[in-house]
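Residue-level structure breakdown
Residues per chain are reported as follows:
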Amino acid sequence: MRVTLSVIKADVGSVGGHTMPSAAMVGRAKQLVADAVKKGLLLDGMVTYTGDDIALIMSHQHGTAAAPVHNFAWDVFLQATAIARSEGNYGAGQDLLVDAPSGNVRGAGPAVAEISFELLPKHRPAEAFMVFAADKCAPGAYNLPLYLSFCDPMHNGGLLLSPVLHKGFTVTVIDMDHRGKEDRVIKLNIPEQVWDLAALIRDEDRFAIEAIHSRVHPDEQIVSVAATRLHNVAGKYTGKDDPVALVRVQSLFPAPEELVEPWATIHQIVTGDCRGSHNMPIMPTAINQAVTGPYCLPIVSSLGFSLNKEGKFSSNYVDFFGGEAFDYVRHKVQEKAVDFRRQGFFGVAMASKTELAYTGLTDTLTALDKKFEMRRDDAAVSKESRKASKDAKDPD
Ligand code: MG
Ligand code: MG
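Read on for a plain summary of the structure. Because the structure is predicted, anything quoted here is derived from the model rather than measured. (Residues numbered from 1 in each chain as written. Chains lettered and ligands numbered in written order. Predicted model: local features only at pLDDT ≥ 70, side-chain atom pairs only at ≥ 80, totals over all residues. Heavy atoms only, no water.)

For the magnesium ion (ligand 2), the protein coordination sphere consists of Asp52 (OD), Asp53 (OD), Asp53 (OD), Asp135 (OD) and Asp242 (OD), at 2.0 to 2.7 Å. Between the magnesium ion (ligand 2) and the magnesium ion (ligand 1), the interatomic distance is 3.8 Å, and Asp52 donates to each metal, bridging them. By relative accessible area, which is 1% here, Asp53 ends up buried. (Donors = N, O, S within 2.8 Å, 3.2 Å for Na, K, Ca; no water. Buried < 20%, exposed > 50% of the residue type's maximum accessible area, 1.4 Å probe, protein only.)

As structure tokens, this is what we get:
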């Protein structure tokens, strides 16, 4: 049967600042998801949080961008918002940027990652998948880790060892700055166009890996990333995008250990953090953790699931970043974060000019711009007069 995995995530309010949703908000979301499974809307579903974002992880048979599922997710976030308001929580309803979505919440505020596939075909006898959820950063945060796992044998030896992985992938990149009714996307074949891919996705504020497909089985989508920028929806800074990524693993696709490797070794610096306006290393964290680091340290969680022939999740999940190996990583990231923060707002410690365009800094710079005065530059004037007298002596 054909199954769709949908991960839909939003920040609809949190306790004491941008930290974590309240227990009552998460409890309500869990109850609604359990009801939706009972009623048959979903095959299975669960609720987690990463920092201040609630994630709904769902399996169903309605396909991608399906109104029943997206409307359900919107309703869950509305009900969690109502609880956030009643509790006085910070940023209640923050990511719900439109009054009512038209059956698709993509572009309405929540982050959406979805993949549809035939469940358990001959070439893929077991279905396993991972869910990454990041807080305090933008969709480009997944560019480097995905590039290293899918394009670089130094980080994923499976690209040399597996005959299927060795055939490569088709990577879809989206231009997140493009506005209008159509998306602007490019498909690149790996390994032939690996440096073209690198040239684009190094600019992670603008270009994001949105999808990755197998080249041996082109109908099989391996990766889906929520690649929309909230400031393009709202026209101003309303909170960071906090992207989710869905990755199918094993049986023809990379293994979980090949996907978590870059998060352990790179200690990647991303744009985000406090007011979404700084550059900071992203810290892999256990699931259901509050953000409490210096400023608002970007964090990412990573869960693993198996799916049975009825589309139901295994009885428990694996928390890839929850273990001891990542305690070491967290120390390294924390050291790097403190070093970076010592530089405050100067130079590369703060986000790029393009990102800051959506913040109050622009108003200050515009106001100051009008107060600049013109002052005589004696050196330039004497250089000009020397040139004039030389021209008079040596006419053409
Ligand atoms: Mg927030
Ligand atoms: Mg958030």
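Let's pick the thread back up.
Where burial is concerned, most of strand 8 (residues 207-214) is hidden: eight out of the eight residues are buried. As paired strands, strand 6 (residues 169-175) and strand 8 are joined by seven bridges and run antiparallel to one another. Counterpart to Ile174 in the pairing with strand 8 is Ala208. Between the antiparallel neighbours strand 8 and strand 9 (residues 221-225) lie six residues. (Helix = DSSP H or I, 4+ residues; strand = E, 2+ residues; numbered from the N terminus. Pairing = 2+ DSSP bridges.)

Turning to helix 1 (residues 23-39), a few remarks are in order. With 17 residues, helix 1 extends 24 Å between its outermost C-alpha atoms, agreeing within 8% with the 24 Å of an ideal straight helix rising 1.5 Å per residue. Taken as a whole, helix 1 has its buried residues at Met25, Val26, Ala29, Leu32, Val33 and Ala36. Around the axis of helix 1, the buried residues are gathered within 125° of arc, so they sit on the same side. Seen from the buried face of helix 1, the exposed residues on the opposite side, beyond 90 degrees, are Ala23 and Lys38. Those residues of helix 1 hidden inside the fold are in contact with strand 2 (44-50), strand 3 (53-60) and helix 2 (67-87). Trailing helix 1 by a residue or two, Gly40 shows a phi angle of about 90°, which is positive. (Expected span 1.5 Å × (residues − 1). Arc of directions from axis to C-beta. Contact = heavy atoms within 4.5 Å.)

Take a nonpolar patch on the surface next. A contiguous nonpolar surface patch, about 420 Å² in accessible area, is contributed by Leu361, Leu365, Leu368 and Phe372. Judged by its relative accessible area of 52%, Leu365 falls in the exposed class. (Patch = residues over 30% accessible without salt bridge, like charges linked within 9 Å, V, L, I, M, F, W, Y side chains within 5 Å. Areas by Shrake-Rupley, 256 points an atom, 1.4 Å probe, with all protein chains shown as cover. Salt bridge = Lys/Arg side-chain N within 4 Å of Asp/Glu carboxyl O.)

We now examine the pattern of salt bridges. This structure, assessed with the given rule, holds 18 salt bridges. Of the charged contacts, one joins Arg248 and Glu127 as a salt bridge, the two residues approaching to 2.8 Å between their closest N and O atoms. Of the two residues, Arg248 is situated in strand 10 (residues 244-249) and Glu127 in strand 5 (residues 127-135); the sequence distance between them amounts to 121 residues. Neither Arg248 nor Glu127 differs from the other in exposure class; each is buried. Residue Arg376 pairs with Asp378 through a salt bridge whose shortest N-O separation is 2.7 Å. You'll find Arg376 and Asp378 in the same group, each marked exposed.

Everything listed here is a matter of coordinates, which is why it stays silent on function.
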